[in-house]
Amino acid sequence: MAARKTKTANGAATNGNGNGAGSIVELTKELWQAAVTLRGSIEPADYKRYVLPIIFLRFLSLRYDKRRQELEHLVFHDRKSDYYGDKKALDDPDEYRSAGAFVIPAEARWENIRKAAQADDIKVKLDKVLELLEKKYPDKLRGLLPPIYAGSNMSADSLRGLINLFSKDVFTLDHGGEDLIGRVYEYFIGEFASSEGKRGGEYFTPASIVKTLVAMLEPTKGVVFDPCCGSGGMFVQSDLFTKHSHQLSFFGQESKDFTYRLCRMNLFIHGLDGNIQLGNSYTDDKHATLKADYVLANPPFNDGSKGENGWGADKIADKDPRLVLGKERMPLSPRNANSMWMLHFLSHLKEGGTAGFVMATGELSNSETSRLEVRKALVEQDYVDCIVQLTGQLFANTQIPCSLWFLSKSRKGGNGFRKRNGEILFIDGRKLGTLIPGSRKQKQLSTEEIERIASTYRQFKRKSNPDEIPGFCKVATVDEIRSYRHALAPGRYVGNAALDAEDESFEERYPRLVASLRSEFADCVRLAAIIDKRLAQVTNGT
């Protein structure tokens, strides 16, 4: 049955408990602390495997219950509704999917899970619920909800406590239109990432960074690709940007099994379809032939710099087409995968497409031969469109600042874009961002700050060069960039270049300074030879 357009039973949203954004933040923190106290003997790194499925079940049940109540009102009470008297609508999957909900088995409905929680065999019962859901939606949930509780060392009391925690009435109240359980789900993902020390956000990118990338890239229609997709935040935010227009197709890849399942669950929760594959993007590109309109990604920062064996550069074939820019074959750094990610992103862009991604700040000016050569080629072959440098502390678990890169195959103009060959927009956002309410270490960009950055880029790519604002933005020519040896740190162009060193970690700064010092030594030797020659000429009277 096709879904019919009609009003809902609830009417306009009301703020049932007076909660605003600030109180929701506090509430999510309280729930996190309460969940942590129930961990018992479960290792911190494993705890997410037991908590997130429960939030997932709560989410599905809340969505189902809300839609069921709307349909019951329309079927039994609203005589003006197209649904009036049509009892079949109550169990029609299309009527639920149109509202972002799913028909779920009776055992998976929260009221029954809550009742089952009092039984001694709750761990077995919950595994059966997960199994039922997977059978109900095999195409979307196959392999995502393995039966993990019965065989775990989580106590029945701890599991019961989690179920009771997420049974609180606060989840059923309207929070000014806020999706509380969705916020809690995302908050918990972020907290798990933070507690495990995921450098740079291994499976969770802070919301304000994702929003900035999406607002600048403006994905509206076509293919969105993320080859290191984590929990899928780039896809969810892109869908929100289009106001759920269903004009985007999502393709992704993730190397870690749990994170891969987390992404698919996240897409399912948000009613999105995506072709998400499990595999290592370096050596096993599952979407090798894909050409995307947009690439959105937050790759692992400086992957390979810590381990003894690097990131696996020796496993990349010499004839790998991703390594070719123009007629040049690019070298790879065995101890740092940053440039490999850039080449990977660029290789998946169709003509007219643009890639926006997060990168460690050190990559803006690193002088390691292979990484410098890739950066130089990207500039000289006219792919670099915009560079944004951001403040530190935007990630919950690392002080390292980051930058946003935009590589584009639309710089010749067309399809709403102007011609901007030979020019690069630099934006310095290091002074932007404030501490998240209640946090003493993590910052976020405000809606106004995100729009300031995004509108500057929109003007550059669609209308004209934005006015130069000292300390914030400037459009530089390739000739200017050559004079800085292809360094792309915005501070060198917009002003306040002295701050550049402060925004690099020691391990990034040290090799750059050593290389710079050696270059200065070489210049000294060259200049000394010139001076000696001139002195000899003077002495000989020539």
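Above: the structure in question.
Residues numbered from 1 in each chain as written. Predicted model: local features only at pLDDT ≥ 70, side-chain atom pairs only at ≥ 80, totals over all residues. Heavy atoms only, no water.

S.K.: Let's hear about the pairing of strand β10 (residues 423-429): which residues, and what values?
M.R.: In the case of a regular strand, side chains alternate between the two sheet surfaces. Burial runs high along β10: 6 of the 7 residues are buried. Relative to β10, strand β8 (residues 384-390) runs parallel, the two sharing 5 bridges. If you follow cysteine 386 over to β10, its bridge partner there is leucine 425. With 5 bridges joining them, β10 and strand β13 (residues 473-477) adopt antiparallel strand pairing. (Buried < 20%, exposed > 50% of the residue type's maximum accessible area, 1.4 Å probe, protein only. Helix = DSSP H or I, 4+ residues; strand = E, 2+ residues; numbered from the N terminus. Pairing = 2+ DSSP bridges.)

S.K.: Tell me about the nonpolar core, residues and numbers included.
M.R.: Counting 64 residues, the largest nonpolar core has Leu52, Ile55, Phe166, Phe171 and Phe188 as its most contacted members. At the level of secondary structure, the elements contributing two or more residues to this core comprise α1 (21-37), α2 (44-76), α4 (110-116), α5 (122-136), α7 (156-165), α8 (180-195) and α11 (257-269). The element best represented in this core is α2, accounting for 15 residues. Leaving out residues up to four positions away in the same chain, leucine 52 has contacts with Tyr185, Phe188, Ile189, Phe192, Phe258, Leu262 and Met265. (Core = buried A, V, L, I, M, F, W, Y, C linked by side-chain atoms within 4.5 Å. Contact = heavy atoms within 4.5 Å.)

S.K.: Explain a nonpolar patch on the surface to me, using residue names and the numbers behind them.
M.R.: A cluster of nonpolar residues, Leu527, Ile530, Ile531 and Leu535, forms a patch on the protein surface that exposes about 360 Å² of accessible area. Checked against the element boundaries, leucine 527 lands in helix α17 (residues 506-539). (Patch = residues over 30% accessible without salt bridge, like charges linked within 9 Å, V, L, I, M, F, W, Y side chains within 5 Å. Areas by Shrake-Rupley, 256 points an atom, 1.4 Å probe, with all protein chains shown as cover. Salt bridge = Lys/Arg side-chain N within 4 Å of Asp/Glu carboxyl O.)

S.K.: Give a detailed account of the packing of aromatic side chains, specifying residues and quantitative values.
M.R.: One pass over the structure, following the stated rule, counts 22 aromatic pairs. On the numbers, 6.3 Å between centres and 75° between planes, the contact of tyrosine 47 with phenylalanine 192 is edge-to-face. You can see tyrosine 47 sitting in helix α2 and its partner phenylalanine 192 sitting in helix α8, a full 145 residues away along the chain. Where tyrosine 484 meets tyrosine 493, the ring centres are 5.1 Å apart and the plane angle is 75°; that geometry is what we call edge-to-face. On the basis of relative accessibility, which here comes to 5%, the residue tyrosine 493 falls in the buried class. Joined through ring pairs, the aromatic side chains of Trp32, Tyr47, Phe166, Phe171, Phe188 and Phe192 make up one cluster. Cation over ring: lysine 48 sits above phenylalanine 258, and NZ or CZ is 4.9 Å from the ring centre. Cation over ring: arginine 452 sits above phenylalanine 472, and NZ or CZ is 3.7 Å from the ring centre. (Phe/Tyr/Trp six-rings, centres within 6.5 Å; stacked < 30°, edge-to-face > 60°. Lys NZ or Arg CZ within 6 Å of the ring centre and 35° of its normal.)

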